[in-house]
Amino acid sequence: MPDSEHVFLFLPSILSLILFFILIKRKQRRFNLPPGNMGWPFVGETIGYLKPYSAISIGEFMQLHISRYGNIYKSNLFGEKTIVSADAGLNKFILQNEGRLFECSYPRSIGGILGKWSMLVLVGDMHRDMRIISLNFLSNARLRTHLLREVEKHTLLVLSTWKENCIFSAQDEAKKFTFNLMAKNIMSMDPGHPETEQLKKEYVTFMRGVVSAPINLPGTAYRKALQSRSTILTFIERKMEERIRKMKEGKENSEEDDLLEWVLKHSNLSTEQILDLILSLLFAGHETSSVAIALVIYFLPGCPMAIQQLREEHLEIARAKKQSGKIELNWDDYKKMEFTQCVISETLRLGNVVRFLHGKALKDVRYKGYDIPCGWKVLPVIAAVHLDPCLFDQPQHFNPWRWQQNNGTRGTTSSSSCPSTMTSCNYFMPFGGGQRLCTGTELAKLEMAVFIHHLVLNYKWELADIDQAIAFPFVDFPKGLPIRVLKS
């Protein structure tokens with residue numbers, strides 16, 4: 001066949017290919033993407049984004065990008081084309097449209113270490129089902145009775161070991177408290193028991209891998225975390241098999257009023273699903289609450305007036321308890337902790353335990369004149385909104401009074417350029433929002449309030465060494481937040 005005939009034969013295919021690329025280019029050109037920089041091939045700007053920085057700031061990377069491109073910009077993060085949002089309205093829009101315009105979409109490395117059935121990475125009906133299980137277990141009725149007692153018991157257990165003038169890590173103590181509480185209420189494991197301590201040891205290794213670079217090579221933190229994950233799951237499965245055997249033999253223990261028992265009795269989840277659910281709740285319930293409590297201990301010494309007002313509030317509760325002849329805190333006592341809730345809100349706003357969320361556009365979305373193409377990742381940065389001077393007056397200043405209805409007179413008064421406290425509250429999302437609102441929100445606030453109650457009534461403390469909360473991206477204290485305590 002002559003060469004000309006070969007060319008003629010393939011001409012339609014060549015023309016179709018050219019037309020296809022022209023259409024693709026036109027489709028790309030029709031998007032009005034936000035300004036930004038896609039960075040280096042493959043890695044994009046991920047390294048710069050994850051560079052450690054002070055947790056009470058948004059970091060140099062975000063600051064430079066916002067000043068250069070605005071509150072909404074494009075980037076390449078975690079190996080994906082991404083729209084980054086420091087815009088309060090867009091962040092709320094993303095969370096309110098979960099399952100319609102956007103869905104949760106974490107990097108594969110997170111799913112690999114937490115498990116494909118983890119609530120953090122699930123979407124759709126399966127996420128809803130897992131969420132319902134968690135909400136039932138953490139119901140308001142259960143919080144008022146069983147969990148309130150448990151939280152107070154574990155708080156006192158930790159604080160009773162504190163010795164005067166001794167220096168210790170407040171971060172480690174907070175982690176001990178939350179881990180023991182979760183281990184007890186998830187699998188009825190007692191604090192200090194050898195198997196509890198062994199699980200805690202494996203969990204520490206696991207957590208180091210969660211916050212590390214996802215490099216699955218021998219000796220890396222990520223590889224060690226995967227190995228610890230396997231050990232933890234084997235442990236949980238053994239507990240599960242023991243519980244099933246007891247149930248079949250009719251040897252149910254009324255004291256084992258825990259999540260494992262509840263799931264086995266009231267769900268149709270597979271073994272793999274139960275294992276991932278328990279691991280993810282242990283992770284969520286322990287890590288975020290412990291960081292929040294450590295942040296309270298860190299922030300309060302810098303605000304003596306707040307400590308004084310807390311002591312007044314909790315002394316009043318303690319006096320009323322003494323007059324009634326009761327010792328344990330009840331739900332009415334908890335509801336009286338009004339200024340305590342202001343301290344909790346301010347700690348979460350300034351410390352930003354959860355700094356950003358991972359999502360993905362399910363459709364082409366237009367917002368404020370910008371296009372978010374279908375399939376692109378979205379990264380709503382919660383911390384950037386909480387530290388926005390347009391929403392919160394002097395955002396780097398620890399001011400619990402900003403959360404009072406009348407904005408108080410003891411704290412910093414709002415400037416006329418800042419919106420009201422109620423307006424700011426609309427964009428305050430320390431626990432996420434919409435369908436992704438953390439199921440442990442009320443438990444976390446209860447833990448913080450009860451811990452603060454016994455802390456300010458029984459101790460005075462000071463920072464024993466210079467330390468600060470660092471985000472990389474999880475919040476952590478490099479020196480463990482060393483403190484020295486004195487009995488009140």
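Remember, predicted model here, so these are calculated numbers, not experimental data.

1. Side note on the overall build of the protein chain
Okay, so step 1: For the protein chain, the helix and strand inventory stands at 18 helices and 13 strands.
Okay, so step 2: Out of the 488 residues belonging to the protein chain, those deemed buried represent 51%.
Okay, so step 3: Look at the contacts in the protein chain between residues 6 or more apart in sequence, and 71% of them connect residues 24 or more apart.
Okay, so step 4: Approximately 23,800 Å² of the protein chain is accessible, and the part contributed by carbon and sulfur atoms is 56%.

2. Some details on the nonpolar core
Okay, so step 1: Counting 131 residues, the largest nonpolar core has Met62, Trp162, Met187, Ile297, Leu300, Trp461 and Ile483 as the members making the most contacts within it.
Okay, so step 2: Sort the elements by how many residues they give to this core and helix α12 (residues 271–299) lands first, with 17 residues.
Okay, so step 3: With residues up to four places along the chain from it excluded, the contact list for isoleucine 297 reads Ala170, Phe451, Leu455, Trp461, Leu463, Leu481 and Ile483.
Okay, so step 4: Ile94, Ala361, Tyr367 and Ile372 belong to the second-largest nonpolar core, a separate cluster that totals 12 residues.

3. With respect to the sheet that holds strand β1 (residues 53–54)
Okay, so step 1: Judged by pairing direction, the sheet is antiparallel, and its three strands sit side by side in the order β1-β11-β12 without closing on themselves. Edge positions in the sheet fall to β1 and β12 (475–476), since each of these pairs with one other strand and no more.
Okay, so step 2: Relative to strand β11 (residues 470–471), β1 runs antiparallel, the two being bridged by two bridges. By the bridge assignment, tyrosine 53 is partnered in β11 with alanine 471.

4. With respect to helix α11 (residues 259–266)
Okay, so step 1: Taken as a whole, α11 has its buried residues at Leu259, Leu260, Glu261, Val263 and Leu264.
Okay, so step 2: Elements in contact with the buried residues of α11: α6 (124–137), α8 (170–187), α10 (221–248) and α12.

5. Thoughts on unusual backbone geometry
Okay, so step 1: The phi torsion at lysine 368 lies on the positive side, around 50°, for a residue other than glycine.
Okay, so step 2: We classify lysine 368 as exposed; its relative accessible area is 59%.

6. Observations regarding the packing of α6 against α12
Okay, so step 1: With their axes 12 Å apart at the nearest point, α6 and α12 run at an angle of 60° to one another. In this view, α6 runs oblique relative to α12, as classed from their interaxial angle. In terms of crossing hand, the pair formed by α6 and α12 is right-handed. Of the residues in α12, those touching α6 at Met126, Met130, Ile133 and Ser134 are Gln273, Leu277 and Leu281.
Okay, so step 2: Of the residues that constitute the contact of α6 with α12, the class distribution is five nonpolar, two polar and no charged.

Cut-offs and rules
Residues numbered from 1 in each chain as written. Predicted model: local features only at pLDDT ≥ 70, side-chain atom pairs only at ≥ 80, totals over all residues. Heavy atoms only, no water. Helix = DSSP H or I, 4+ residues; strand = E, 2+ residues; numbered from the N terminus. Buried < 20%, exposed > 50% of the residue type's maximum accessible area, 1.4 Å probe, protein only. Contact = heavy atoms within 4.5 Å. Areas by Shrake-Rupley, 256 points an atom, 1.4 Å probe, with all protein chains shown as cover. Core = buried A, V, L, I, M, F, W, Y, C linked by side-chain atoms within 4.5 Å. Pairing = 2+ DSSP bridges. Axes fitted to C-alpha atoms, helices over the stretch in contact; angles between N-to-C directions. Parallel < 35°, antiparallel > 145°, perpendicular 65-115°, else oblique. Left-handed = near helix turned anticlockwise from the far one by under 90°. Nonpolar A, V, L, I, M, F, W, Y, C, P; charged D, E, K, R; others polar.

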